[in-house]
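The primary structure of each chain is shown beneath.
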Amino acid sequence: MAKITVVGVGLEEEQLTLGAAQALTGGARVILHTARVGCASWLKAQNISYEALDDLYESCADFDEHARRAAEYVFDAARGGDVVYGVYDVRDRSVVKLVEMDPKLRILAGPPVEGALLGRLDGATRMLEASDWERFRLSPMDNALVRELDSRELASEVKLKLMECYPDETRCFVLSGDGSVARVPLYDLDRLRAYDHRSCALIPAQRDLMKLERYGFDELVEIMHILQGPGGCPWDREQTHESLRPFMLEETYEAIDAINAGDTDHLYDELGDILMQVVMHAEIGKNHGEFDIGDAITAICEKMIQRHTHIFGADSAGDAEEVLDLWARNKMKERGQRTYAEVLREVPRSLPALMRGCKIADKARRAGVGQRDAQALAREAADCVRAVPGSEDAEAALGDVLFEICALAKAVGVDAELALSEASDRFVERFCALEAELTGKGVSLPAPEAEAAQYWDRVKLCENTSIRQELTDIQRIDRE
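Thresholds applied
Residues numbered from 1 in each chain as written. Predicted model: local features only at pLDDT ≥ 70, side-chain atom pairs only at ≥ 80, totals over all residues. Heavy atoms only, no water. Helix = DSSP H or I, 4+ residues; strand = E, 2+ residues; numbered from the N terminus. Rg over C-alpha atoms; globule rule 2.2 N^0.38 Å. Buried < 20%, exposed > 50% of the residue type's maximum accessible area, 1.4 Å probe, protein only. Areas by Shrake-Rupley, 256 points an atom, 1.4 Å probe, with all protein chains shown as cover. Lys, Arg positive; Asp, Glu negative; His and termini not counted. Charge placed at Lys NZ, Arg CZ, Asp CG, Glu CD. Disulfide = S-S within 2.5 Å. Expected span 1.5 Å × (residues − 1). Contact = heavy atoms within 4.5 Å. Polar contact = N/O pair within 3.5 Å; in protein donor to acceptor, adjacent residues only side chain to side chain. Patch = residues over 30% accessible without salt bridge, like charges linked within 9 Å, V, L, I, M, F, W, Y side chains within 5 Å. Salt bridge = Lys/Arg side-chain N within 4 Å of Asp/Glu carboxyl O. Arc of directions from axis to C-beta. Core = buried A, V, L, I, M, F, W, Y, C linked by side-chain atoms within 4.5 Å. Pairing = 2+ DSSP bridges. Axes fitted to C-alpha atoms, helices over the stretch in contact; angles between N-to-C directions. Phe/Tyr/Trp six-rings, centres within 6.5 Å; stacked < 30°, edge-to-face > 60°.

Caption draft 1: Region of the structure containing the overall build of the protein chain. Helix and strand counts for the protein chain come out as 20 helices and ten strands. For the protein chain, the C-alpha radius of gyration of 35 Å lies well beyond 23 Å, the compact-globule estimate for 480 residues. Across its three principal directions, the C-alpha atoms of the protein chain cover 110 × 65 × 50 Å. The burial tally for the protein chain puts 37% of its 480 residues in the buried class. Put simply, the protein chain shows about 27,900 Å² of open surface, and 53% of that area lies on carbon and sulfur atoms. Here the protein chain contributes 57 positive and 88 negative side-chain charges, whose respective centroids are spaced 4 Å apart.

Caption draft 2: The state of the cysteines, seen in detail. Per the stated rule, a full pass over the model turns up zero disulfides. Free cysteine: C172, not disulfide-bonded; nearest cysteine sulfur from C165 at 12 Å. Of the residues examined, C172 reaches a relative accessible area of 0% and is grouped as buried. Cysteine C358 is unpaired, with the sulfur of C406 as its nearest cysteine sulfur at 3.7 Å. Overall, C358 belongs to the buried group, its relative accessible area being 6%.

Caption draft 3: Just helix α13 (residues 320–334), in detail. Under the 1.5 Å per step criterion, the end-to-end length of α13 is 21 Å for 15 residues, consistent within 8% with the ideal 21 Å. Looking at the buried side of α13, the elements it contacts are α11 (293–307), α12 (309–312), α14 (340–345) and α15 (353–366). In this structure D319 caps α13, since a side-chain oxygen of it lies 3.2 Å from the backbone nitrogen of E321. Just beyond α13, the residue with positive phi is G336, at close to 70°.

Caption draft 4: Representation of a nonpolar patch on the surface in the model. Together, F217, L275, V278, I297, I300 and M304 make up a nonpolar patch on the protein surface, roughly 440 Å² of accessible area in all. Elements represented by at least two residues in the nonpolar patch include exactly α10 (264–287) and α11. The element contributing the most residues to the nonpolar patch is α11, with three residues. Note on placement: M304 falls in helix α11. We classify M304 as partly exposed; its relative accessible area is 35%.

Caption draft 5: Molecular detail of the pattern of salt bridges. Scanning the entire structure with this criterion turns up 25 salt bridges. When the shortest N-O distance is used, the salt bridge between R93 and D64 registers 2.4 Å. A residue pair is termed long-range when its members are at least 10 positions apart, and R93 in helix α5 (residues 93–101) and D64 in helix α4 (residues 63–77) qualify at 29 residues. With a closest N to O distance of 3.4 Å, R79 and D76 form a salt bridge. The exposure class assigned to R79 is exposed, which follows from its relative accessible area of 58%. Overlapping salt bridges bring together D64, R93, E129, D132, R135 and R147 as one network.

Caption draft 6: Structural detail: helix α16 (residues 374–387). Here α16 is 14 residues long and its end C-alpha atoms lie 20 Å apart, about the 20 Å a rise of 1.5 Å per residue gives. Every buried residue of α16 is listed here: A376, L377 and A381. Taken end-on, α16 shows its buried residues confined to a sector of 135°, consistent with a single buried face. Seen from the open side of α16, the exposed residues pointing more than 90 degrees away from its buried face are Q375, R379 and R386. Elements in contact with the buried residues of α16: α17 (394–411).

Caption draft 7: Structural context of the nonpolar core. Among the nonpolar cores identified, the biggest contains 26 residues, and V7, V9, L16, L24, C39 and L43 are the most heavily contacted of them. At the level of secondary structure, the elements contributing two or more residues to this core comprise α1 (18–24), β2 (29–32), α2 (38–45), β8 (171–175) and β10 (200–203). Setting aside chain neighbours within four positions, we find C39 in contact with V9, L16, L24 and L32. The next biggest cluster of nonpolar side chains, apart from the first, holds 22 residues, and it includes L149, L162, C172 and Y195.

Caption draft 8: A look at the sheet that holds strand β3 (residues 51–52). Across the sheet, five strands lie side by side as β3-β2-β4-β1-β5; this open sheet has parallel pairing. Edge positions in the open sheet fall to β3 and β5 (106–108), since each of these has one partner strand only. The pairing of β2 with β3 spans two bridges and is classified as parallel. Bridge pairing in β3 places L32 opposite A52. Contacts from α4 reach β1 (4–8), β2, β3 and β4 (83–87) within the one sheet, and its direction differs from that of β2 by about 175°.

Caption draft 9: Here's a closer look at the packing of aromatic side chains. Overall, the coordinates contain two aromatic pairs when judged by the stated rule. Measuring from ring centre to ring centre gives 5.8 Å for W235 and F247, while their planes differ by 85°; the resulting arrangement is edge-to-face. Residue W235 is located in helix α8 (residues 234–238), and its partner F247 is located in helix α9 (residues 245–261); the two are separated by twelve residues in the primary sequence.

Caption draft 10: Examining a negative patch on the surface more closely. Taken together, the side chains of D257, D415, E422, D425 and E429 present a region of like negative charge at the surface. When residues of the negative patch are assigned to their parent elements, the largest contribution, three residues, is made by helix α18 (residues 416–440). Residue position: D257 is located in helix α9.

Caption draft 11: Quick look at the side chain of Q239. Summarising the element assignment, Q239 is placed in the loop between α8 and α9. Only 2.8 Å separates the side chain of Q239 from the side chain of S243, close enough to count as a polar contact. With near-sequence residues (within four places) excluded, Q239 lies in contact with L244, M280 and I284.

Below, the structure written as structure tokens:
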């Protein structure tokens, strides 16, 4: 295999470096990624023959195929002798592919294609390739420099992606293939006169939080840093892990309410509140030298990888139940637990009793202790209920009933805490309907037990809205 040298030739002839000129005139076979660069005319003036791969731009379905085929062509050419591969920027994707094929090749970096924009950069800059627009990772706190805007269609996709992060009115610098620089608002990025693979766009950072139209995770962390920093919000600066405990619970319950109501607009707002709590705790931890948000993110990422060994390891799981069993085993291994007794003892006593009971019943069931069959559990629960009235220790007997209900809830795939909450809501609605019924008949509460029971059964029967409305209409007609 002969030697491959990759040379960055820039856009204009005067951008050729001494090293590039020496490589191009050294007698090796010269292949240009494109002839639409000043280097091509310079080679002609030196009477040096070259090949160009411009045809690939038309024959390839996408940039990935284009990069692969260009790299393969250069690599195959080197089988017959030394090759110099001229690209306008050595960060070209075809060079990455070529390095994978020949890690020992030599690279002579020339001027960056965005050279005319460099003086306008301030702070960190994210270097992006337009064809990768779907995978852009953006932050308005950083500049974004997008290379190879080779078509209006691609510029349109890039613009929409950028507008998810940067304000629509952001004034961008655009470098055209002829070397000219224009300044246009971001929303006009796909309305330029011409595009080619040499076109670049610099989107300046927007570091004024109050001017952003959309925010990302980094901005949330920055806002919390400001609030808890010197000169920040007095309330936020006084908070501790302990003082925030009720707010974490409150926001979680509000998110659950939104889920129960099927209110997605309310849900994303409440999830944002929960996320804020996480970031607040992380900022407090950082201020006290305990941990930061990166530690929290690393912890959950490691946990998800280590416990999903059927995805990231050699284990297998055919259904959700097998996944949960595998999760439990991996969790025990991760925590160095050797007995299931340790697993049961670690269930927090601070949990609501019903929730704690469900967790203990489920962990015992996965250890092979306790019924998995819902019918058998239902019979056991019924037996426990019948034993309560005559029991000498009614509290213990009723506790056994509730624990059997927890086990039954797990067996039928129901969250007992939510089920009881929803049952309480239904009871309140039925009670309100009962009182309305009795009031309509001139009966006030407390009512005679028999009469209340009669109307209670009637209310339960008429829970369906249409039936209840029909009954109301009948009652209205009777009164009239």
